[in-house]
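Topology and contacts: notes
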Amino acid sequence: MVKTIKGIAASDGIATAEAYLLVQPDLSFDKKSISDADAEISRLQDAISTSDDELTKIRDTAKESLGEEEAQVFDAHKMILADPEFTGAVEQQIKDQSVNAEQALNDVSNNFISIFEGMTDNAYMQERAADVRDVTKRVMAHLLGVALPNPALIDHEVIIVAHDLTPSDTAQLNKKYVKGFVTDIGGRTAHSAIMARSLELPAVVGTDTITKDAKEGQTIILDGLNGAAILDPSDEDIKHYQKLAKDFADQKAEWEKLKNEATVTADGKHFDIAANIGTPDDLQGVIDNGAEGIGLYRTEFLYMQSEELPSEDDQFEAYKKVVEGMNGKPVVVRTMDIGGDKHLPYLPLPDEMNPFLGYRAIRISLDRQEIFRTQLRALLRASAFGKLRIMFPMIGTVQEFRDAKKVFEEEKAKLVEKGVKVSDEIQLGMMMEVPAAAILADQFAKEVDFFSIGTNDLIQYTMAADRGNEHVSYLYQPYNPSILRLVKHVIESAHKEGKWAGMCGEAAGDNIMVPLLLGMGLDEYSMSATSVLRVRSLMKKLSTADLKELAERAVTESVTNEDNKKLVESYINK
Ligand SMILES: C=C(OP(=O)(O)O)C(=O)O
Ligand SMILES: [Mg+2]
């Protein structure tokens, strides 16, 4: 029976494929006393040996589809299974305590995890705790006879159905077979949604129930344009969506024609449309979509894809590749923004009640300065190879900006002293994403070279609504006059001091927002590479002269987000 599940449209496109349920099975068990320890140990050994065979297969597939580095994590799992200290301890526990293998495995595993996690001065060993947890899950699943999803083994086209995808889950998806994903939770500006857009992978998030509704292997049509998943579609549905997919492809082909054009409005004003990237691999997409620069390079992905803190040289190579690849066009690199929903296995962060309000971004960088200084040195060295700009994330006070700038100046002076070539024209700016900073933009503007407005966080913090929580996603209101007033104040404050203001939050590529931003005089628009040509096409049809008045009405007359949506729609359709 056809069933349509509604969700949040997170990444454009239509895909049809089989459902692949990336759902963790129930691994609960009862503690049992046993009388035949040998039989229990033999059950354990069977589960270990099946897990090991499975890991060999996963490792080989992962190497082929994702690369050697991604595959190595499975070697670590195999090593634990081969370690007599671990498996021997489980066997001993079965004998000594006369308990079932599940209980013994659980006890020994918890013991190892707490020892590893307690080694707070040894990041490598702390990371092993995650490996023990993962491998225990696999052996436990075999003991209980339940299936564990193995995304690395996917060898045919699928749509991933999951409760949630973390940014690192998303990074591991093999685009050859994964045609899209749909989740129970999440919001449009959560990082897995942002990554889906840069991978050009249709995605629907926040459906609430998809993991309960969809069955393994069932056909799903994923409508990333309107936010819906159609289960067991009828022939008519399939035809309808084939047409929608064709219309979308035709529209994209039309936008393609603007690839080598500058972004100019109907009244001849030029604006820069830049792209957001997460890794140097995204560069090709930026070039293919004709972006006029990179407005946000989220460097934390470099840290997330690494097994340990990336060295200065590794970072230098990545940054150099990006600035060189852009051929003299500006590249705004943001220093590491870890925390919130982005974690590093080798840099354990404290458990927090409110991670998005906690130890995050510049707060970590100013506290763990050895990490920050290494990154700044790598950036300074890369500055000799192109037009590099640097910005700091999550700046909330003028003092934080001054402190970060001071560290930058110190590292620069040391490199210059050593005779290392660094550019003298690096602009230093900041993300405008904390309301306290936006309110004080006039003061900040005297100290920075530029602002880049991060609406994903600015909206989350101003509306007090978690950006990844579908239950409050209605509060993601970019056109709410409260947000627009802050944005306007930031832009005007920059201009008063002769500085430029850009936007790299998702709202910069939003069809309703763009006319308002043009009316407010925003200088630079940075977005997913796949949105660049759509926005260029939109701007070509707009005239900034009219939009000034429209933007003024949006902040003075309108009361709600919806008022402003209607205001812009009626202007565009006039
Ligand atoms: C661009 C932003 O940064 P991120 O999405 O990485 O938090 C933002 O907050 O708008
Ligand atoms: Mg942010």
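Each chain has its residues counted from 1, following the order in which its sequence is written. As a convention, the first chain written is A and the first ligand written is 1, with the rest following in written order. Side-chain atom pairs in this predicted model are given and counted only at pLDDT of 80 or more, local residue features only at pLDDT of at least 70, and totals for whole chains, interfaces and linings cover all residues.

**Considering the pairing of strand 10 (residues 294–298)**
The condition is simple: Exposure classes come from backbone-placed C-beta atoms, where a residue is buried if 20 or more other C-beta atoms lie within 10 Å of its own, exposed if 12 or fewer do, and partly exposed in between. Helix numbers and strand numbers start at the N terminus; a helix is a DSSP run of H or I with at least 4 residues, a strand a run of E with at least 2. Paired strands, as defined in this entry, are two strands with at least two bridges between them according to DSSP. Here a crossover is taken to be right-handed if, once the strands point away from the viewer, the path from the first strand over the helix to the second is traced clockwise.
With five of its five residues buried, strand 10 lies for the most part within the structure. Relative to strand 10, strand 9 (residues 272–277) runs parallel, the two sharing three bridges. Looking at strand 10, one finds that A275 is bridged to I294. In this view, the connection linking strand 9 to its parallel neighbour strand 10 by way of helix 10 (residues 283–288) has right-handed handedness.

**Side note on the site of ligand 1**
Short version of the rule: Contact assignment follows one rule, namely that a residue is near a molecule or strand if its backbone-placed C-beta atom lies within 6 Å of it. Lys, Arg, Asp and Glu make up the charged group, whereas Ala, Val, Leu, Ile, Met, Phe, Trp, Tyr, Cys and Pro make up the nonpolar group; the residues left over, Gly among them, are polar.
Ligand 1 sits among L296, R298, D337, E433, G454, T455, N456, D457, C504 and G505. A total of three residues in the shell around ligand 1 trace back to one element, the largest contributor, which is helix 18 (residues 455–463). Among the residues forming the shell around ligand 1, the class breakdown is two nonpolar, four polar and four charged.

**Considering the sheet that holds strand 14 (residues 450–453)**
The condition that has to hold: To get an axis, fit a line to the C-alpha atoms, keeping to the stretch in contact for a helix; angles then go from 0 to 180 degrees between the N-to-C directions.
Reading around the barrel, the eight strands line up as 9-10-11-12-13-14-15-16 and close back on themselves, with parallel pairing between neighbours. If you compare each strand with its neighbour and ignore which way they point, the axes differ by 25 degrees on average. With four bridges joining them, strand 13 (residues 427–432) and strand 14 adopt parallel strand pairing. Bridging from a neighbouring strand, M430 pairs with F451 of strand 14.

**Regarding the UniProt feature "domain: PEP-utilising enzyme C-terminal" (unreviewed entry) in the protein**
For clarity, the cut-off: UniProt positions are given in the numbering used here, feature names are shortened, and annotations may be inferred rather than shown by experiment.
UniProt marks residues 252–542 with the feature "domain: PEP-utilising enzyme C-terminal" (unreviewed entry), using the numbering shown here. Split by type, residues 252–542 is 42% helix and 14% strand. Its first and last C-alpha atoms lie 19 Å apart.

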